[in-house]
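Tertiary structure, described
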Amino acid sequence: MRRFYQESWQGIPFTKFSHLSFFHLAGSKFYSTFYEEMFARYSSWEALPLEWRENKRSNAEWLLERIRAQRAEAGERAEPFRILSIGSGVGYMEKLLLDAMPDVELYVNEPSTVGLKWLRSYLPADRVFIGFPPLCLPSDVYYDLIYLSAVDYSISTRALTHLLDALRAQLEPGGQLICLSSSFLQEDSMIGSFVNAIKILIRAVLHYLGVRPQQFWGWRRTRREYQQLFKQVGFFSVSDGFVEKSPETYWIAGR
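By convention here, each chain's residues receive numbers from 1 onward along its written sequence. Reporting in this predicted model follows two pLDDT cut-offs: at least 70 for local features of residues, and 80 or more for side-chain atom pairs to be given and counted; totals over whole chains, interfaces and linings ignore these cut-offs and use all residues. For the side-chain quantities, the full set of heavy atoms in the structure was used; hydrogens and water were omitted.

Among the 11 residues that make up strand 8 (residues 171–181), eight are buried, leaving the element largely enclosed by the rest of the structure. Pairing of strand 7 (residues 143–149) with strand 8 involves six bridges; the strand directions are parallel. Bridging from a neighbouring strand, Y147 pairs with I178 of strand 8. Seen with its strands pointing away from the viewer, a crossover is right-handed when the path leading from the first strand over the helix to the second is clockwise. Each helix is a run of H or I in the DSSP string that is no shorter than four residues. Each strand is a run of E no shorter than two, and both are numbered from the N terminus. Since strand 7 and strand 8 lie parallel, the crossover through helix 4 (residues 157–168) that links them has a hand, and here it is right-handed. Looking at chain direction, strand 8 and strand 11 (residues 246–254) are connected through five bridges and run antiparallel. Each residue of the ladder has a partner; that of C179, found in strand 11, is I252. Relative accessibility thresholds used throughout: buried, under 20% of the residue-type maximum; exposed, over 50%; partly exposed, between the two (1.4 Å probe, protein chains only). Pairing between two strands requires that DSSP report at least two bridges joining them.

Only buried residues count toward a nonpolar core. Its members are Ala, Val, Leu, Ile, Met, Phe, Trp, Tyr and Cys residues joined through side-chain atoms within 4.5 Å. With 47 residues, the main nonpolar core has M38 and L63 as its most contacted residues. At the level of secondary structure, the elements contributing two or more residues to this core comprise helix 1 (28–41), helix 2 (50–74), helix 3 (92–100), strand 5 (105–110), strand 7, strand 8 and strand 11. Judged by nonpolar contacts, the second largest core, of 27 residues, contains Y107, F129, L229 and F230.

On to the layout of surface pockets. Grid spacing is 1 Å over the protein atoms alone, the probe is 1.4 Å, and a cavity is where that probe fits but cannot get out, while a pocket is an open set with protein on both sides within 12 Å along at least five of seven lines and lining residues have an atom within 4 Å of a point. Grid points are joined across faces, edges and corners, and a volume is the space filled by probe spheres set on the points. If you add up the space inside the second largest pocket, you get close to 170 Å³. Along its surface, the second largest pocket is lined by R71, A74, G75, E76, R77, E79, P80, F81 and D103. In the scheme used here, Gly and all other residues not listed as nonpolar or charged are polar, with Ala, Val, Leu, Ile, Met, Phe, Trp, Tyr, Cys and Pro taken as nonpolar and Asp, Glu, Lys and Arg as charged. Each residue belonging to the lining of the second largest pocket can be placed in one class, and the counts come to three nonpolar, one polar and five charged.

See the structure below:
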């Protein structure tokens, strides 16, 4: 596992709206302020950077294939297929899922209401959970599929272990939990760790000199670390790989 840093997102430099911290992880206030800045700049999902949208669309299409396969496996049933998105951000993937499968029962979670500005009109209020899971989630609602898309980077290993364990308990029999990661770490050798430590030191110097302010953004994890996390919380059937149309996206699924 390695720490990594960010200077901008969606074409918006962080220095435009926040004081950056090299040692403290960006929190809910940071993200809320960022989304306010983003909504002031962009008027809709389609106005967001094309590369980002194409990546999210590829991930949504991959996820739709998994959902269709799972529904076919389950066969005909009276209950709707229930999905929970953890950390849905601006909700672009969720909008694509609803467009393709309007009959699914989609629930979303976000730390604050700000990022859901565009998505709120597509969902009933009782399917939106604001806060940090699992505390903000109703304990009596169970899901066929729970997914985290590009949010694991911002969660410490201890907190992520607790979250995955709690989410596993809210799966329906035969349900699955999927993590789509945009922060995959190819390998973590001793040499690589040493080189990374030197880079972090250089970044720290540039940050404190005011040359290139950096925000501590989260952690990158290896395949082995993801697999250990899933098995540690009780997933005995674990599969993983990379999204074909978006090879920078690593996925891991557990049942």
